[in-house]
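Coordinates in review
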Amino acid sequence: MSGQADVQAFLDTYGQLQEAIAGLSGEALRWKEAPGKWSVTEVLAHLADHSIVTSFRIRAILAGDAARLPAFAQDAWVAGQKANEAGAVDILAAYGALLHYNAQLLGRLTEAELAKTGVNAKGETVSIADLIRGFVRHVHHHLGQIDRIKQAQRAAGLHAPKA
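Structural notes, computed from the coordinates.

Conventions adopted
Residues numbered from 1 in each chain as written. Predicted model: local features only at pLDDT ≥ 70, side-chain atom pairs only at ≥ 80, totals over all residues. Heavy atoms only, no water. Helix = DSSP H or I, 4+ residues; strand = E, 2+ residues; numbered from the N terminus. Expected span 1.5 Å × (residues − 1). Buried < 20%, exposed > 50% of the residue type's maximum accessible area, 1.4 Å probe, protein only. Core = buried A, V, L, I, M, F, W, Y, C linked by side-chain atoms within 4.5 Å. Contact = heavy atoms within 4.5 Å. Salt bridge = Lys/Arg side-chain N within 4 Å of Asp/Glu carboxyl O. Polar contact = N/O pair within 3.5 Å; in protein donor to acceptor, adjacent residues only side chain to side chain.

This part covers helix H5 (residues 88-108). The end-to-end C-alpha distance of H5 is 31 Å, a good match for the 30 Å that 21 residues give at a rise of 1.5 Å each. Within H5, the full set of buried residues consists of Ala-88, Ile-91, Leu-92, Tyr-95, Gly-96, Leu-99, Asn-102, Ala-103, Leu-105 and Leu-106.

As structure tokens, then:
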């Protein structure tokens, strides 16, 4: 990890998500293209869940935990928590708070600590720096998903942005 630049890219994901949902009505945030597809709110809930899991993975590596880093059943987590009934603004606030808390931790770590590794659920060895880069890539993937949902809303004639 190249220190400050990667921590900044990590922190920047919050603003990118805020920008992606700016102006969307409650209806647009909860709209689903089809059963089994996620709404924008559910994408945000998934990213908050991913942040929780990433937080645990970082701490497990730092603690020298020999257990495999946990995976999670993303669809079951989103469905089980009734994520589409939650407020997108509240979900994003929780995401931002956890992001900030983790960035503070990352800022205290040495390069040697950032290079510490664990074994993920796939059996791959990953460092803390790898986790952070992967987290940023994961958020960017879901930003693309949010854009595709907004495009589908427009194609369906839904007025996604607030007037």
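Right, let's talk about the nonpolar core for a bit. One finds Phe-10, Leu-17, Val-40, Leu-44, Tyr-95 and Leu-106 to be the most contacted residues of the largest nonpolar core, which totals 44 residues. Elements supplying a minimum of two residues to this core: helix H1 (4-21), helix H2 (26-30), helix H3 (40-62), H5 and helix H7 (128-155). If one sorts the elements of this core by residue count, H7 sits on top with 10 residues. Look past the residues within four positions of Val-40 in its chain and what remains in contact with it is Ile-21, Leu-24, Ala-28, Leu-29, Trp-31, Ile-146 and Ile-149.

Comment: phi is negative for the bulk of residues other than glycine, and the bulk of peptide bonds are trans. Located in the positive-phi region is Lys-82, a residue other than glycine, with phi close to 50°. On the secondary structure map, Lys-82 appears in the loop between helix H4 (74-80) and H5.

Let us now look at the environment of Ala-156. Relative to the assigned elements, Ala-156 resides in the segment after H7. On a C-alpha basis, the gap between Ala-156 and Glu-33 in space is 8.6 Å, while along the polypeptide they are 123 residues apart.

Bringing the pattern of salt bridges into the picture now. A full pass over the atoms with the stated rule returns two salt bridges. The residue Glu-42 makes a salt bridge to Lys-32 at a minimum N-O spacing of 3.2 Å. In this pair, Glu-42 is assigned in helix H3 and Lys-32 in the loop between H2 and H3, connecting sequence segments 10 residues apart. You can call Glu-42 buried: its relative accessible area is 6%. The exposure class of Lys-32 is partly exposed, given its relative accessible area of 33%. Among the salt bridges present, the one from Asp-130 reaches Arg-133, with a minimum N-O distance of 2.8 Å. Within this pair, Asp-130 and its partner Arg-133 are both found in helix H7, separated by three residues, close to a single helical turn. Judged by its relative accessible area of 32%, Asp-130 falls in the partly exposed class. Residue Arg-133 is classed as partly exposed on the basis of its relative accessible area of 31%.

Moving on, we get to H3. Relative to the 33 Å expected for 23 residues at 1.5 Å per residue, H3 spans 33 Å between its end C-alpha atoms, a close match to the ideal helical length. Within H3, 19 of the 23 residues are buried, leaving the element largely enclosed by the surrounding structure. N-capping of H3 is provided by Ser-39, with a side-chain oxygen placed 3.3 Å from the backbone N of Thr-41. Remark: Gly-64 follows H3 within two positions and exhibits a positive phi of approximately 75°.

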